[in-house]
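Here is what each chain is made of, one letter per residue.
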Amino acid sequence: MTLAPEETIRVGSDLATRLSAGMVILLSGELGAGKTVLAQGVAKGLGVAASVTSPTYTLVSEYESGSIPFYHMDLYRLGGMDPFEDLGAEEYVHSDGVTAIEWPEQVRSRWHGDCLTISLEHLGGDKRKIEMAGTGARSNAVVRSYIQMFGESGGDG
Ligand SMILES: Nc1ncnc2c1ncn2[C@@H]1O[C@H](COP(=O)(O)OP(=O)(O)OP(=O)(O)O)[C@@H](O)[C@H]1O
Ligand SMILES: [Mg+2]
């Protein structure tokens with residue numbers, strides 16, 4: 001759980017240290033849940049110099065200034081477009097960087113590769129619940145790295 005946007009940024013930038021090229025992150029959660037804020041944290045953790053904003057009109061933004069490329073998609077305004085035919089989603093999910101996708105349902109229903117799903121949920125005020133789940137070897141290794149960390153520190157966080 002995070003209590004402020006800055007904490008969600010920190011969660012994202014810590015997550016970035018556990019990621020490697022080719023990984024896909026699906027950001028799930030309602031409007032204003034904090035998906036873009038988390039993506040900003042990931043970008044920060046990857047060392048992206050530019051400020052990351054929601055790619056509202058272009059639907060996808062590419063950032064090359066970090067340790068590995070960062071691709072940020074927001075499919076909320078997909079309209080009648082097809083993420084695979086029109087946006088090249090296939091290339092992004094098999095890319096040389098980290099790809100984070102907001103409103104990923106259309107991609108997920110048609111692509112079943114390894115990805116890390118992060119779900120953000122409003123808990124009122126600035127509180128957000130953040131959960132993650134893996135669906136393959138690489139994403140599950142990321143999830144396990146958190147479980148291990150909490151196990152070793154004996155933390156309750
Ligand atoms: N703990 C928190 N974590 C993240 N954002 C928070 C938190 N508390 C408050 N906020 C605020 O909530 C808003 C989250 O906006 P954000 O654009 O990240 O949502 P989103 O999930 O990307 O929404 P959309 O579906 O519209 O793209 C921001 O204005 C942010 O400042
Ligand atoms: Mg957003």
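One structure accompanies this document, and this report is about it. (Residues numbered from 1 in each chain as written. Chains lettered and ligands numbered in written order. Predicted model: local features only at pLDDT ≥ 70, side-chain atom pairs only at ≥ 80, totals over all residues. Heavy atoms only, no water.)

Some remarks on the site of ligand 1
- Near ligand 1 lie 18 residues; those nearest to it are Thr-8, Gly-32, Lys-35, Thr-36 and Asp-126.
- Gly-32 is positioned such that a nitrogen or oxygen atom in its backbone is 2.9 Å from an oxygen atom of ligand 1.
- Within the contact set of ligand 1, an oxygen atom lies 2.9 Å away from a backbone nitrogen or oxygen of Gly-34.
- Relative to its unbound accessible area of 640 Å², ligand 1 is 74% covered by the protein chains.
- Looking at the shell around ligand 1, the elements that each hand over two or more residues are helix 1 (5–16) and helix 2 (35–46).
- The biggest single contributor to the shell around ligand 1 is helix 2, with three residues.
- For the shell around ligand 1, the residue count by class is seven nonpolar, five polar and six charged. (Near = heavy atom within 4 Å. Polar contact = N/O pair within 3.5 Å; in protein donor to acceptor, adjacent residues only side chain to side chain. Areas by Shrake-Rupley, 256 points an atom, 1.4 Å probe, with all protein chains shown as cover. Helix = DSSP H or I, 4+ residues; strand = E, 2+ residues; numbered from the N terminus. Nonpolar A, V, L, I, M, F, W, Y, C, P; charged D, E, K, R; others polar.)

Concerning a nonpolar patch on the surface
- On the surface, Met-1, Leu-3 and Leu-123 cluster together into a nonpolar patch covering about 290 Å² of accessible area.
- With respect to the helices and strands, Leu-123 occurs in the loop between strand 5 (116–122) and strand 6 (128–134). (Patch = residues over 30% accessible without salt bridge, like charges linked within 9 Å, V, L, I, M, F, W, Y side chains within 5 Å. Salt bridge = Lys/Arg side-chain N within 4 Å of Asp/Glu carboxyl O.)

Examining the coordination of the magnesium ion (ligand 2)
- For the magnesium ion (ligand 2), every protein donor is listed as Thr-36 (OG1) and Glu-102 (OE), and the spread of their distances is 2.0 to 2.1 Å. With Thr-36 in helix 2 and Glu-102 in strand 4 (residues 98–102), this pair connects stretches of sequence that are 66 residues apart.
- Here Glu-102 falls in the buried class, since its relative accessible area comes to 3%. (Donors = N, O, S within 2.8 Å, 3.2 Å for Na, K, Ca; no water. Buried < 20%, exposed > 50% of the residue type's maximum accessible area, 1.4 Å probe, protein only.)

Quick notes on the sheet that holds strand 2 (residues 60–63)
- Taken in spatial order, the six strands line up as 2-3-4-1-5-6 in an open sheet, and their pairing is mixed. Strand pairing shows two members of the sheet lacking a second neighbour, strand 2 and strand 6, which therefore form its edges. Mean inter-strand twist for the sheet, computed between neighbouring axes without regard to direction, equals 15°.
- Running over the sheet, helix 1 touches strand 1 (24–28), strand 5 and strand 6 and is turned about 175° from strand 5.
- Together, strand 1, strand 3 (70–74), strand 4, strand 5 and strand 6 form the strand contacts of helix 2, whose direction differs from that of strand 3 by roughly 170°. (Pairing = 2+ DSSP bridges. Axes fitted to C-alpha atoms, helices over the stretch in contact; angles between N-to-C directions. Contact = heavy atoms within 4.5 Å.)

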